[in-house]
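# Fold and contact review
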Amino acid sequence: MPTSLVTGGAGFLGSHLCEALLEKGQRVICLDNLETGSLANIEHLRSEAFAFLPRDLTVHVDLAEQLDFVYHLASPASPIDYLRLPLQTLKVGSHGTHNALGLAKVHRARFLLASTSEVYGDPQVHPQPETYWGHVNPIGPRGVYDEAKRYAEALTMAYHRQQGVDTAIVRIFNTFGGRMRPHDGRAIPTFMRQALEQKSLTVFGDGSQTRSFCYVDDLIRGLILLAESGEHMPVNIGNPDEKTLLELAETVIAVTATSSQIVFEALPVDDPQVRQPDITRARQLLGWEPEVSLEDGLRRTLASLAGDPARA
Ligand code: NAD
């Protein structure tokens, strides 16, 4: 039975990944310092095949148990978190990624870096293929996240080229689903919370900026397919079905059947105007594409919130 280490395993995506790996019959070690994750996300996973290590990945970590896969997800991910934790974000992208790669090297494990569409920064090429090098503002408030991930990608390729570590890089585009924190500042949990509380939905700018939202189950399936492939170069995983923020707000209103209205607020600094993955490589290399529509994903998210009011 293969063993996977999931750093950031008590977070939103990490907890879904741990769950999927356990369902595949793997042993899973979840390492997390609970900075933005929580024990509530992994409570239901407790079993002999699952271990939780409460550790800060920026500090050196040794593991006696043999590892086959290292999924490196530990990092603040929501703007609200990385603007609050700028130095920790840079440190987990640098020291944390060094430590995770070091573990993969020692154990001869396959390593997967959870990178982000934010490495593309301002998308002057649209949709964004993996060959687009990006246009990032290194000194803006979001630079701590974008540059940490760009550094982590460079580090991953250096460990691969110089140290022979078997690495993969996934560039994740906006993903949503159950266990997102209602106050994490990202559009879908914010709109859902506002709709369920019958409050106005706050759309930034005029709502014409676009995003492409991928349901969590689709994303996790893509992550595992990539980890189990032999690919080393970055692969976009996300849903190319692009929507404006206004369309998203209207869909949330329809799905939640709320009486909430939409109000408009100022755009955050360096907020990208458009975002859409080119998933040609994922289709060709992994046979992967998303299956869950935005509306269906929102219904499933709503159902999971109803099942656990603590996370609604
Ligand atoms: P999250 O905040 O829910 O999860 C991140 C986890 O990492 C948390 O459990 C947190 O406690 C943990 N962590 C942070 N710093 C740590 C440290 N120093 N040591 C140990 N654990 C630490 O965020 P998420 O949405 O699940 O994102 C997971 C990964 O996916 C991140 O690397 C993020 O950059 C990437 N990603 C996510 C999205 C998305 O739409 N959710 C999009 C692009 C990239």
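Everything quoted here is computed from the prediction, not taken from an experiment. (Residues numbered from 1 in each chain as written. Predicted model: local features only at pLDDT ≥ 70, side-chain atom pairs only at ≥ 80, totals over all residues. Heavy atoms only, no water.)

### Section: the packing of aromatic side chains
The relation between two aromatic rings is expressed through the spacing of the ring centres and the mutual angle of the planes. Going through the model one piece at a time under the given rule, you end up with five aromatic pairs. Both rings, one in Tyr-82 and one in Tyr-145, keep their centres 4.4 Å apart while their planes meet at 0°; by these two values the pair is stacked. Of the two residues, Tyr-82 is situated in helix α2 (residues 79–84) and Tyr-145 in helix α4 (residues 143–163); the sequence distance between them amounts to 63 residues. You'll find Tyr-82 and Tyr-145 in the same group, each marked buried. (Phe/Tyr/Trp six-rings, centres within 6.5 Å; stacked < 30°, edge-to-face > 60°. Helix = DSSP H or I, 4+ residues; strand = E, 2+ residues; numbered from the N terminus. Buried < 20%, exposed > 50% of the residue type's maximum accessible area, 1.4 Å probe, protein only.)

### Describing the packing of helix α5 (residues 187–196) against helix α9 (residues 294–307)
Where α5 contacts α9, the axes come no closer than 12 Å and their chain directions differ by 60°. Taken together, α5 and α9 sit at an angle that is classed as oblique. For the crossing formed where α5 meets α9, the hand is right-handed. In contact with Ile-188, Met-192 and Leu-196 of α5, α9 contributes Leu-294, Leu-298, Thr-301, Leu-302 and Leu-305. Across the contact of α5 with α9, the residue classes tally to seven nonpolar, one polar and no charged. (Axes fitted to C-alpha atoms, helices over the stretch in contact; angles between N-to-C directions. Parallel < 35°, antiparallel > 145°, perpendicular 65-115°, else oblique. Left-handed = near helix turned anticlockwise from the far one by under 90°. Contact = heavy atoms within 4.5 Å. Nonpolar A, V, L, I, M, F, W, Y, C, P; charged D, E, K, R; others polar.)

### Some details on the environment of Glu-291
The topology assignment puts Glu-291 in the loop between α8 (280–286) and α9. Considered as a pair, Glu-291 and Ala-168 are 123 residues apart in the sequence and their alpha carbons are 23 Å apart.

### Re the pairing of strand β2 (residues 27–32)
The buried count for β2 comes to five of six residues, which makes it a mostly enclosed element. Pairing analysis gives five bridges linking strand β1 (residues 3–7) to β2, with the strands arranged parallel. Within β2, the residue paired with Leu-5 across the bridge is Ile-29. Viewed along the sheet, the connection from β1 through helix α1 (residues 12–23) into β2 turns out right-handed. Pairing geometry for β2 and strand β3 (residues 50–54), over five bridges, is parallel. Bridging across to β3, Ile-29 finds its partner in Ala-51. (Pairing = 2+ DSSP bridges. Right-handed = clockwise from strand over helix to strand, strands pointing away.)

### Comments concerning unusual backbone geometry
Put simply, His-126 and Pro-127 share a cis peptide bond, and its omega is -10°. Tracing the sequence through the fold places Pro-127 in the loop between β5 (110–116) and α4. Residues other than glycine seldom take positive phi values, yet Leu-34 does so here, at roughly 60°. Positionally, Leu-34 belongs in the loop between β2 and β3. Even without a glycine there, the phi angle at Ala-257 is positive, about 50°. Along the chain, the position of Ala-257 falls in the loop between α7 (245–256) and β13 (262–265). In this structure Ala-257 comes out as exposed when scored by relative accessible area, which is 68%.

### With respect to the nonpolar core
In this structure, Leu-17, Phe-50 and Tyr-71 are the most contacted members of the largest nonpolar core, which totals 57 residues. Discounting chain neighbours no more than four positions away, the residues touching Leu-17 are Val-6, Tyr-71, Leu-73, Ile-220, Leu-223 and Ile-224. Counting 24 residues, the second-largest nonpolar core is a separate cluster that includes Leu-5, Leu-53, Val-92 and Ala-100. (Core = buried A, V, L, I, M, F, W, Y, C linked by side-chain atoms within 4.5 Å.)

### Here we look at the pattern of salt bridges
When the charged atoms of two side chains with opposite charge come close together, those side chains can pair. A complete count under the given rule lists 20 salt bridges for this structure. Between Glu-228 and Lys-24 there is a salt bridge, with its nearest N and O atoms 3.1 Å apart. Here the residue Glu-228 occupies a position in the loop between α6 (216–227) and β11 (235–237), and Lys-24 occupies one in the loop between α1 and β2, the gap between them amounting to 204 residues. Note on Glu-228: relative accessible area 40%, which makes it partly exposed. Residue classification places Lys-24 among the partly exposed residues on the basis of a relative accessible area of 45%. Across the pair Arg-186 and Asp-184 runs a salt bridge, and its minimum N-O distance is 2.9 Å. Residue class for Arg-186 comes out partly exposed when judged on its relative accessible area of 25%. Where salt bridges share partners, they join Asp-81, Arg-84 and Arg-181 into one cluster. (Salt bridge = Lys/Arg side-chain N within 4 Å of Asp/Glu carboxyl O.)

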